[in-house]
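Survey of secondary and tertiary structure
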Amino acid sequence: MKNIFLTSIVIIFFTTDSFAQFNEGKIEFSLNGTGGSYKFNSSSNYSGINTSRTYLYLTTTVGYYVIDNISIEPQFGLFALKNSKPSQSIVLNVSYSKRIENSNVALFIRSGYGLGNAISSPFFYEIPIYRVANKWDVNIVNVGVGIKFIISEVAALKFETNYREESFLGEKDSEYFFWGNSDYSFDNMMLLIGISFYL
């Protein structure tokens, strides 16, 4: 996976040039999201499990281009799962965007670090959102690579392959952890679809 992201960085730097939307002083406001559903079935001689859930993951970012092509992007995320309490996250990203020469297509890559109050994954039976808490102690490493389709001087469609590593310390006697303090880490890969507006 690391090799894929490194290759993407090289492609962006050496095959693209500058574009007005990505100039110093510009502001980029983005809405991104993904959603889906899953079904889990299990059976044995003694019991069976049959459950399904739908989920929605939304992010809002406001990027400021500190220099041409490079922006600082605070990101707020909301992960909602059917029959569960929503979880939130805040991530500070650094993003690099450049246009492919003589086209209305731009490539971008971004990475950042942040905090959340739960693991943003629906794939846990009996624990719909893993360890939702009142304290923000889930560490998040965020990396994304994608494409922006420039549809006007003030708007672009975005498609991003997003990787998130989320980790936290499970404490003894907490709601879900009874066997002592342990470190937990979860990797998520998803496709985010969104739209950006440039001010």
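Residues numbered from 1 in each chain as written. Predicted model: local features only at pLDDT ≥ 70, side-chain atom pairs only at ≥ 80, totals over all residues. Heavy atoms only, no water.

Broken down by element type, the chain carries one helix and nine strands. Listing the helices and strands of the chain from first to last along the sequence gives α-β-β-β-β-β-β-β-β-β. Of all 199 residues assigned to the chain, the portion counted as buried reaches 44%. In the chain, 61% of the contacts between residues at least 6 apart in sequence involve partners at least 24 apart. When the accessible surface of the chain is split by element, carbon and sulfur atoms take 60% of a total near 10600 Å². (Helix = DSSP H or I, 4+ residues; strand = E, 2+ residues; numbered from the N terminus. Buried < 20%, exposed > 50% of the residue type's maximum accessible area, 1.4 Å probe, protein only. Contact = heavy atoms within 4.5 Å. Areas by Shrake-Rupley, 256 points an atom, 1.4 Å probe, with all protein chains shown as cover.)

Turning our attention to a nonpolar patch on the surface. Together, Ile 27, Phe 29, Leu 31, Val 62, Tyr 64, Val 66, Ile 67, Ile 72, Leu 92, Val 94, Phe 197 and Leu 199 line one region of the surface with nonpolar side chains, adding up to about 990 Å² of accessible area. Every element with two or more residues in the nonpolar patch is listed here: strand 2 (27–43), strand 3 (48–67) and strand 5 (87–100). Among the elements that make up the nonpolar patch, the one with the highest residue count is strand 3 (four residues). Examined against the element boundaries, Ile 27 turns out to sit in strand 2. (Patch = residues over 30% accessible without salt bridge, like charges linked within 9 Å, V, L, I, M, F, W, Y side chains within 5 Å. Salt bridge = Lys/Arg side-chain N within 4 Å of Asp/Glu carboxyl O.)

Now for the side chain of Glu 160. Position of Glu 160 relative to the elements: it lies in strand 8 (residues 155–170). Within the structure, the side chain of Glu 160 is placed 3.1 Å from the side chain of Arg 110, a separation counted as a polar contact. Other than its neighbours up to four places away in sequence, Glu 160 contacts Phe 108, Arg 110, Gly 144, Val 145, Gly 146, Met 190, Leu 191 and Leu 192. (Polar contact = N/O pair within 3.5 Å; in protein donor to acceptor, adjacent residues only side chain to side chain.)

All chains considered together, the criterion is met by five aromatic pairs. Considering the side-chain rings of Phe 22 and Tyr 198, the 5.9 Å spacing of their centres and the 70 degrees angle between planes classify their relative orientation as edge-to-face. Remark: Tyr 198 occurs in strand 9 (residues 182–198) and Phe 22 occurs in the loop between strand 1 (16–17) and strand 2; sequence separation between them is 176 residues. Here the two residues Phe 22 and Tyr 198 agree in accessibility, since each one is buried. When the ring of Phe 149 is compared with that of Phe 159, the centres are 5.8 Å apart and the planes differ by 80 degrees; the resulting orientation is edge-to-face. With Phe 149 in strand 7 (residues 138–152) and Phe 159 in strand 8, this pair connects stretches of sequence that are ten residues apart. By relative accessible area, which is 33% here, Phe 149 ends up partly exposed. (Phe/Tyr/Trp six-rings, centres within 6.5 Å; stacked < 30°, edge-to-face > 60°.)

As for its placement among the helices and strands, Leu 81 is situated in strand 4 (residues 70–81). Sequence-wise, Leu 81 and Arg 53 are 28 residues apart; in three dimensions their C-alpha atoms are separated by 7.1 Å.

The next subject is the environment of Asp 183. Within the element layout of this structure, Asp 183 appears in strand 9. Note: C-alpha distance between Asp 183 and Ser 167 (16 residues apart in sequence) is 7.2 Å. Discounting chain neighbours no more than four positions away, the residues touching Asp 183 are Phe 168 and Leu 169.

On to the pairing of strand 5. Two elements, strand 4 and strand 5, share ten bridges in a ladder whose sense is antiparallel. Residue pairing for strand 5: Gly 77 is matched across the bridge by Ser 89. As consecutive antiparallel partners, strand 4 and strand 5 are separated by five residues, and within that stretch Asn 83 has a phi angle of approximately 65 degrees, a positive value. Note: strand 5 against strand 6 (residues 105–116), eleven bridges, orientation antiparallel. (Pairing = 2+ DSSP bridges.)

A few words now on the confidence of the model for the chain. Of the residues in the chain, 69% reach a pLDDT of 70 or more, and the chain-wide mean stands at 80. Across the chain, element-level confidence peaks in strand 6 with a mean pLDDT of 96 and bottoms out in strand 1 with 44. Between residues 12–18, whose pLDDT stays under 50, and residues either more than four places distant or in other chains, the model counts 19 contacts. (pLDDT = per-residue confidence, 0-100.)

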